[in-house]
Amino acid sequence: MLNRILVIADVHANLAALEAVLADAEAGGLVDEIWCLGDAVGYGPDPAPCLELLREKSTVWVAGNHDFAAAGVIGTADFNADAAAATAWTQRQLSREDTMFLRRLPVAQERFGFTLVHGSPRDPVQEYIFLIDTAAVNFPVFSTPFCLVGHTHIPLAFGREASRVHEISLDIPVVLGETRLILNPGAVGQPRDGDPRASYALLDLARREFQLRRVAYDITAVQQRMQRQGLPQRLAARLSIGR
Ligand code: ZN
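What this report covers is the structure whose coordinates are included nearby. (Residues numbered from 1 in each chain as written. Predicted model: local features only at pLDDT ≥ 70, side-chain atom pairs only at ≥ 80, totals over all residues. Heavy atoms only, no water.)

**So, the coordination of the zinc ion**
Surrounding the zinc ion are the protein donor atoms D10 (OD), H12 (NE2), D39 (OD) and H153 (NE2), which sit 2.0 to 2.5 Å from the metal. Considering all 4 donor atoms around the zinc ion, angles at the metal cover 90 to 175 degrees and the coordination shape is irregular. Sequence spacing among the residues donating to the zinc ion works out to D-x1-H-x26-D-x113-H. On the criterion of sequence distance, the pair formed by D39 in the loop between β2 (33–36) and α2 (47–56) and H153 in the loop between β6 (146–148) and β7 (156–161) is long-range, its members being 114 residues apart. D39 sits in the buried class, given a relative accessible area of 1%. (Donors = N, O, S within 2.8 Å, 3.2 Å for Na, K, Ca; no water. Tetrahedral: all angles 85-135°; square planar, octahedral: opposite > 155°, others 65-115°. Helix = DSSP H or I, 4+ residues; strand = E, 2+ residues; numbered from the N terminus. Buried < 20%, exposed > 50% of the residue type's maximum accessible area, 1.4 Å probe, protein only.)

**A short note on the sheet that holds strand β4 (residues 108–111)**
Reading across from one edge, β4-β5-β6-β10-β7-β8 is the order of the 6 strands in this open sheet, with mixed pairing throughout. Looking at the sheet topology across the chains shown, the edges are occupied by β4 and β8 (164–167). Shown here is a sheet whose adjacent strand axes are inclined to one another by a mean of 20 degrees, direction ignored. Across 5 bridges, the pairing between β7 and strand β10 (residues 180–184) is antiparallel. Note that in β10 the partner of L156 across the bridge is N184. (Pairing = 2+ DSSP bridges. Axes fitted to C-alpha atoms, helices over the stretch in contact; angles between N-to-C directions.)

**Considerations on the side chain of E33**
You can see E33 is positioned in strand β2. Take E33: its relative accessible area is 9%, and that puts it in the buried class. Looking at E33, its side chain comes within polar contact range of the side chain of W35, at 2.8 Å. A distance of 2.4 Å separates the side chain of E33 from the side chain of R111, its partner in a polar contact. Setting aside chain neighbours within four positions, we find E33 in contact with L2, R4, I5, L6, S58, V60, R111 and F112. (Polar contact = N/O pair within 3.5 Å; in protein donor to acceptor, adjacent residues only side chain to side chain. Contact = heavy atoms within 4.5 Å.)

**Examining the environment of E97**
Looking at where E97 falls in the secondary structure, it is placed in helix α5 (residues 96–103). Look at E97 and you get exposed, because its relative accessible area is 53%. For the pair E97 and C36, spaced 61 residues apart in sequence, the C-alpha separation works out to 19 Å. Here the side chain of E97 touches R55 through a polar contact of 3.2 Å, side chain to side chain.

**Topic: the sheet that holds strand β1 (residues 4–8)**
Sheet architecture is open: 6 strands sit in the order β3-β2-β1-β11-β12-β9, paired in mixed fashion. The open sheet has two free edges, formed respectively by β3 (59–61) and β9 (174–175), since each of these has just one partner strand. Two strands pair when backbone bridges link them, and strand β11 (residues 198–204) and strand β12 (residues 209–215) are joined in this way by 7 bridges, in the antiparallel orientation. Bridged to Y200 within β12 is R213. Contacting β1, β2 and β3, α2 runs over the sheet at an angle of about 120 degrees to β3.

**Some details on the pattern of salt bridges**
Should their charged atoms come close, side chains of opposite charge can pair. For the structure shown, the criterion picks out 12 salt bridges. Between D46 and R225 there is a salt bridge, and its shortest N-O distance comes to 2.6 Å. Of this pair, D46 sits in the loop between β2 and α2 while R225 is found in helix α7 (residues 219–228), placing the two residues 179 residues apart along the sequence. Judged by relative accessible area, D46 falls into the buried class, the value being 9%. When its relative accessible area of 30% is taken as the criterion, R225 is described as partly exposed. Salt-bridge contacts for D82 lead to R234; the nearest nitrogen and oxygen are separated by 2.8 Å. Residue D82 is located in helix α4 (residues 81–93), and its partner R234 is located in helix α8 (residues 233–241); the two are separated by 152 residues in the primary sequence. Three or more residues are tied together by salt bridges with common partners; here these are D193, D195, R197 and R214. (Salt bridge = Lys/Arg side-chain N within 4 Å of Asp/Glu carboxyl O.)

Okay, structure coming up:
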């Protein structure tokens, strides 16, 4: 039985943030598995090294929209100009093997009572669950007790009791009990909740807890790497403010 799961989403080719998260998680004890909720690549300066690092570990993957865009599975017509430019740059950094790996990623997985998707259960690659109403229509779509999502780059938790859906604070660990849950660990590589630190979660399957954690990393160094690679200035600037 696995006990300690590192839950990450939206690494977005930010190797420095990913390394900080791994070090922080592993400092507290052995991590049995990494569950990566999509968008390992896109936006950031180190797509291939992020894939390589995660593939060395026992990582359970699902595809995000940026993973599929980088692999050519979906187009970038509904991306903004910066995201599309970063996707084109990312495509040039990936080996054929990397591209094939991303192309074959599943859009959903079930593990130990959790459904893993990037966006939402009903639209695994594209839908954003920001709001209670969106969470509410998605609860009937998955059959496990709990669901893990990413994509919004904002840590969020929703619970459903007697068909009533409500938002749950992540300021303290969320107990995995009778209440069905949709949980979002926030973004490792490009947080958008106003806190620029990398966001992730630890899932303790023995203690039945989901704990949100934040860890600082060297943002300036990542911004300089992005500048040297000619990635869009706005994508680098937003890392400082976490928006
Ligand atoms: Zn993302």
